[in-house]
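An overview of the molecular structure
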Amino acid sequence: MAKDKKSFVAYSDWNSTFEKLSDEEAGKLAKMMFSFVSDLNPEAPDRITELLFEPIKNQLERDLEKYKEVRQKRSEAGRNGGVKSGESRSKSDQNEANESNMKQNEAIASFLKQNEAVNVNVIVNDILLEKETKEEKLIKENSEELFSDSEPVKPDAEKRKKVAPKKEKAQPPDLDAFVEFGKEIYQNELKLDFSLYEFAVRAKYQSWIDAGWKDGHKKPIENWKNKLRTLIPYFKPIYGKSNNNNSGNGFGNRTGNTSMGQGGKKSTAAILAERARNQAAGNGYSGNFTGET
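Structure report, in brief. Since the model is a prediction, treat every value here as computed from it, not as a measurement.

**Details of the packing of aromatic side chains**
Pairs of aromatic rings are described using the distance from one ring centre to the other and the angle between the two planes. Here the structure, examined in full by the defined rule, presents twelve aromatic pairs. Measuring from centroid to centroid gives 5.7 Å for Phe 8 and Phe 34, while their planes differ by 75 degrees, and the two rings are edge-to-face. Remark: Phe 34 occurs in helix α2 (residues 23–37) and Phe 8 occurs in the segment before α1 (15–19); sequence separation between them is 26 residues. Ring centres of Phe 178 and Tyr 205 lie 5.0 Å apart, and the angle between their planes is 55 degrees; on these two criteria the pair is classed as tilted. Residue Phe 178 is found in helix α5 (residues 175–190), and its partner Tyr 205 is found in helix α6 (residues 198–210); the two are separated by 27 residues along the sequence. Classification of Phe 178 as buried rests on a relative accessible area of 0%. Judged by relative accessible area, which is 10%, Tyr 205 ranks as buried. Here the aromatic residues Phe 178, Phe 181, Tyr 205, Trp 208, Trp 213 and Trp 224 are joined through ring pairs into a cluster of three or more.

This is the structure:
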């Protein structure tokens, strides 16, 4: 018999067998049957009991097999049902979790929306407050300016403004300083006889004075020493007696051979001297001078 099986099926057709037996034989057969279903493995006390018990034993074993099949099916059904029940519970739990998440998300969205509205209101209020403060400040300043007898106070920014100093116009040196500087360059740096170039230096000074102390490009001369140092290499020497007979105004004598250089060609300084003589004579002749500036 199966373990933990507490009952068995007794059939009514067995009654005909027990009716034909004496009480002693019926008792032995009944005792044999109960011992068998209790898994005591009984042995028949005699041959008649063994023979009578055989068909009952076979029926009990068939019933036991059916019992095992039914129990197996019920176990499988219960197992399957448990799996399905677990899946169902899992789906239910998942649905509940999803629903909970949805509610939580809705709550968060609602919270953010409310905060966004609050932030917008705060920003708008700040802007309005700032605008109102500026208007009050402007009204106050205008009122002080209108009703105050004293001069209006300038903002700190205007107080801190620094007026750029005007650039002073470069003042030309006197003629002697100009000539002396040219002489130093010729004698000390170029190692040349300054007497041959003195007239050209004086003529350059006079041309800048006449132009309002501006060079040939009409630009103000700021550093005349650098300017003169740059132009000196282009000055032409003047040969002849007139170079030693300069008049008080710095130009050569009207007579003489001052307009001619070596080889009979006019130098730049000679042309300048000739133009200066003509201007002094009042004839308006300016010459055809295109020298360096």
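Back to the text.
**Overview of the nonpolar core**
Core analysis: the largest hydrophobic core is formed by 18 residues, its most contacted members being Phe 178, Tyr 186, Trp 213, Trp 224, Leu 228 and Phe 235. Elements supplying a minimum of two residues to this core: α5, α6 and α7 (224–231). For this core, the element with the highest residue contribution is α5, accounting for five residues. Leave out the neighbours within four places in its chain, and Phe 235 touches Tyr 186, Tyr 197, Ala 200, Val 201, Lys 204 and Leu 228. Listed in part, the eleven residues of the second largest apolar core include Trp 14, Ala 26, Met 32 and Val 37.

**Remarks on the pattern of salt bridges**
Going through the model one piece at a time under the given rule, you end up with six salt bridges. Note that Lys 28 and Asp 46 form a salt bridge whose closest N and O atoms lie 3.3 Å from each other. Here Lys 28, found in helix α2, pairs with Asp 46, found in the loop between α2 and α3 (47–147); they are 18 residues apart in sequence, far enough to count as distant. Residue class for Asp 46 comes out partly exposed when judged on its relative accessible area of 26%. For the salt bridge of Glu 99 with Lys 103, the shortest nitrogen-to-oxygen distance reads 3.7 Å. Here Glu 99 pairs with Lys 103, and both are found in helix α3, just four residues apart, close to one helical turn. Overall, Glu 99 belongs to the partly exposed group, its relative accessible area being 43%. What makes Lys 103 exposed here is its relative accessible area of 53%.

Rules used in this analysis
Residues numbered from 1 in each chain as written. Predicted model: local features only at pLDDT ≥ 70, side-chain atom pairs only at ≥ 80, totals over all residues. Heavy atoms only, no water. Phe/Tyr/Trp six-rings, centres within 6.5 Å; stacked < 30°, edge-to-face > 60°. Helix = DSSP H or I, 4+ residues; strand = E, 2+ residues; numbered from the N terminus. Buried < 20%, exposed > 50% of the residue type's maximum accessible area, 1.4 Å probe, protein only. Core = buried A, V, L, I, M, F, W, Y, C linked by side-chain atoms within 4.5 Å. Contact = heavy atoms within 4.5 Å. Salt bridge = Lys/Arg side-chain N within 4 Å of Asp/Glu carboxyl O.

Worth remembering: the numbers are spatial, not functional.
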